[in-house]
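Residue-level structural notes
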Amino acid sequence: LRQIVKDSAKKYGDAKGFLFKDKQGNITGKTYNEFDQDIDALGTALHEMNLKGMRFSIISENRYEWGVCYLAVANGTGVAVPLDKYLPENEVESLIERGKVDVIFYSPAYQGIMESIAKKNNRLKWYICMETPEKKADARFLALPGLIEKGRELLQAGNRSFVDSEIDRTGMSILLFTSGTTSMAKGVMLSHSNIASNVSSITSMIKVTPEDTHLSLLPLHHTFENTVGFLFMVYA
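The rules behind these values
Residues numbered from 1 in each chain as written. Predicted model: local features only at pLDDT ≥ 70, side-chain atom pairs only at ≥ 80, totals over all residues. Heavy atoms only, no water. Salt bridge = Lys/Arg side-chain N within 4 Å of Asp/Glu carboxyl O. Helix = DSSP H or I, 4+ residues; strand = E, 2+ residues; numbered from the N terminus. Buried < 20%, exposed > 50% of the residue type's maximum accessible area, 1.4 Å probe, protein only. Polar contact = N/O pair within 3.5 Å; in protein donor to acceptor, adjacent residues only side chain to side chain. Pairing = 2+ DSSP bridges. Right-handed = clockwise from strand over helix to strand, strands pointing away.

1. Considerations on the pattern of salt bridges
Taken as a whole and judged by the stated rule, the model has 15 salt bridges. In this structure, Asp40 engages Lys6 in a salt bridge whose closest nitrogen and oxygen atoms are separated by 2.6 Å. With a gap of 34 residues between them, Asp40 in helix α2 (residues 32-48) and Lys6 in helix α1 (residues 2-12) connect regions that are remote in the sequence. Note on Lys6: relative accessible area 28%, which makes it partly exposed. Where Glu131 meets Arg63, a salt bridge forms, and the shortest distance between an N and an O atom there is 3.0 Å.

2. A few points about the side chain of Asn226
Looking at the secondary structure, you find Asn226 in helix α8 (residues 223-235). In this structure the side chain of Asn226 is engaged in a polar contact, spanning 3.3 Å, whose partner is the side chain of Tyr70.

3. Some words on the pairing of strand β3 (residues 55-59)
For β3, the buried fraction is high: 4 of the 5 residues fall into the buried class. The pairing of β3 with strand β4 (residues 79-82) spans 4 bridges and is parallel. In the strand pairing of β4, Phe56 is matched with Ala80. Each parallel crossover has a hand, and for β3 linked through helix α3 (residues 64-74) to β4 it is right-handed. Note: β3 against strand β5 (residues 103-106), 4 bridges, orientation parallel. Pairing of Ser57 across the sheet is with Ile104, part of β5.

Written out as structure tokens, the structure is:
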């Protein structure tokens, strides 16, 4: 997965890889180079916080930051544990416990839920908001933009703990919970090899070019959207 990001940045560089609306409703975006750099910066900041080897949940609507958080974890930091954005608070708590999650990334829409969980949950070490929150609930709440900026400074100072970290291609890097429509959600252990081989095999079925644009509709924590609608699009 790291190679997918690096190859796309090398090949497409300053071309826009992601398009989305800003707070004013204007279409803006991020280039492949910015995507690569943001992942490296966040991963470096997480290493500096001594979080290597830990488990990180991600819960938010589909957005650019979801992909940055996911790959900053999976590409050399720890295990990514994506959560269904429609889960009620009690199920979020349950999966945090069952998944042995240490840190959670979330969007501002989940601020209230995170503050509620923080009052009764001692498992989570950090709550990282994808935007700078209006108020800090307690010392465990951090802002993603600040961490990325800190990571950039560390990279410029020569910190290569994340970019040079070894990845076990066959070890668990993602813990994905099933939808649980027929019974309790099951945690599926996935590796880089599992997902990369899936992304690679898709190329024989789907043809996309740099002129194509993919509209991401399914939630990014779904395996189909995660591989076909996200990682494959970066790859292709």
